[in-house]
Every structure is written in structure tokens, then in C-alpha cells.
Amino acid sequence: MSDKEIKGKVHSIQSLAASDGPGVRFAIFLQGCNLRCGCCHNPDTWNISGGTEYTPKEIVEMAKRYREYFGSDGGVTISGGEPLLQPEFVREVFTLCHEAGINTCLDTSGSLFGESIKAALAVADRVLLDIKYTENGLYEEHVGCDLEKPLRFLDYLNQQNIPVTVRQVIIPTLNNNDENILKLKAICDAHPCVDKIELLPFRKMCKVKYDDLGIHFAHGHLPEPDPKEVDRFREMLKK
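Residues numbered from 1 in each chain as written. Predicted model: local features only at pLDDT ≥ 70, side-chain atom pairs only at ≥ 80, totals over all residues. Heavy atoms only, no water.

### Description of the sheet that holds strand 8 (residues 194–201)
Pairing between the strands of a sheet is mediated by backbone hydrogen bonds and can be parallel or antiparallel.
1) Next: Strand order in the open sheet formed by 8 strands is 3-1-2-4-5-6-7-8, with mixed pairing between adjacent strands. Two strands bound the open sheet, and with one partner strand each, they are strand 3 (52–54) and strand 8. Between one strand axis and the next, the sheet turns through 30° on average, direction left out of account.
2) Next: As paired elements, strand 6 (residues 126–130) and strand 7 (residues 164–170) share 4 bridges and run parallel to each other. Residue Val127 lies in a different strand from strand 7, and its bridge partner there is Val164.
3) Next: Across the sheet, helix 1 (residues 56–64) touches strand 1 (8–17), strand 2 (25–30), strand 3 and strand 4 (75–79), and the angle it forms with strand 3 is around 85°.
4) Next: On the sheet, helix 3 (residues 87–99) packs against strand 1, strand 2, strand 3, strand 4 and strand 5 (103–108) and is oriented at approximately 160° with respect to strand 5. (Pairing = 2+ DSSP bridges. Helix = DSSP H or I, 4+ residues; strand = E, 2+ residues; numbered from the N terminus. Axes fitted to C-alpha atoms, helices over the stretch in contact; angles between N-to-C directions. Contact = heavy atoms within 4.5 Å.)

Below you can see the structure in the form of C-alpha cells.
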């Protein structure tokens, strides 16, 4: 498929992102998501019909302007929404990045799979994978898919030796317990491709987006976690 035939629906672009993969990143947030996570910070990305269309070449030409800031670790990250709803676009952007000598990183829920997704993963230098809970019931209730999907996705990443950063948002009353952290550690320990685990505290600053969109914020009633508790969980993962 040629670049002229591929266009991606982009929600937003952050030119100098510091929390979307290693180093300084040029982060592209794609429009559309197949999940409805209760803690989602970006409900404005859900509708696949929204966003602005770009070609892969347009995206990579923009990214090149910032390459002097990338250093040895930075590069381009594609996030969402769920970027793998647009796998051909992801593949072409990453292919052009590699041709330009730019590192690539994919931020995904791991809830989708197929041959077009395998093709996109083949040009990803790193994957940021959300493992939102370690209990299937919580996944089905608060995410909209089962736990088996991201675990199967992780198995494939491990088979392909693709470096992985596993991420989990710590949400009081749902997964802020030692049992969850130990299960998460066991999952990661069983997959040598995982070389980093990030625990992110649940935040409610996104509530204004839900209010503006007239959408119910499912986890809006839950408290934010105690920073000391999150730090303790991080220490548990190091043992």
C-alpha cells in the first residue's frame, strides 16, 4: 500500500513528550478506541470518526524537525486512543521513521491482534503495554475486554523479542493491593521481553473533559492514590 493511499486519523500531537517512552518523544495520539476504561484520561479520543487526517509522510516530516532533541534514547511514539485500530498507518509511519534513523515506540492496550498488527509490531522498537488489572473480572467490568487479550499480546511480543514497558494505573479500591502487584510482577518475570514496569497514579484532572462531552466519568467517585502507597508498590516490584 502506498503512502498516498494511507491516511491516519490523529487526535493530537505532542512535539516534546517526556512520559511516552524512553527519552524525549514526538508523540502522535490517534483517534478512536475500542475500549471504555473507567479511568480513561482521554474520552475525546474514543470516537473513530473524529480527528484530523494526516499521511505518514506528513507525520514523519514533522517529527524530523525535533530529532535534535531526541538524543540517543528518544524518537517517535504512537499512542491513542488505541493506535492499533489503524495498524497500516502505524506500520507506514514507523517504516518511514526507520528509514530516517528514528526510534519507534507503540503505546497500546494489547486488546487487538491480527496479521496487520503483526506487521506494525515488526517495525516497533519498543511497546508500552497496559496491563490494567490482574483479575479477569475487573478487566471485563472496567475495561471492556478480558485479561487474556493483553496477555496473549505480551506472549507474542516475547516471542518476537520486542522490548516492552508494562504500565499499570494504580486505582484505589480496585488494584491498589499487594496481591495485584505480586501478580503483575509474576506476569512480567515470566516474559523476559519486559525490561521495565511503570506504575502510574490514577488522576482525576480529566473530569473536565467528561463534563464538556456530557459523558459519565466511571471512576470519578474514586480517590486518587496515596503517593507513599504507590512508592511502596514500586519497591515491591524491585525485589
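### What to know about the pattern of salt bridges
1) Next: A complete count under the given rule lists 17 salt bridges for this structure.
2) Next: Taking the shortest distance from any N to any O, the salt bridge between Lys132 and Asp130 comes out at 3.3 Å.
3) Next: A relative accessible area of 16% means that Lys132 is categorised as buried.
4) Next: Between Arg203 and Glu224 there is a salt bridge, with the nearest N and O atoms lying 3.4 Å from each other. (Salt bridge = Lys/Arg side-chain N within 4 Å of Asp/Glu carboxyl O. Buried < 20%, exposed > 50% of the residue type's maximum accessible area, 1.4 Å probe, protein only.)

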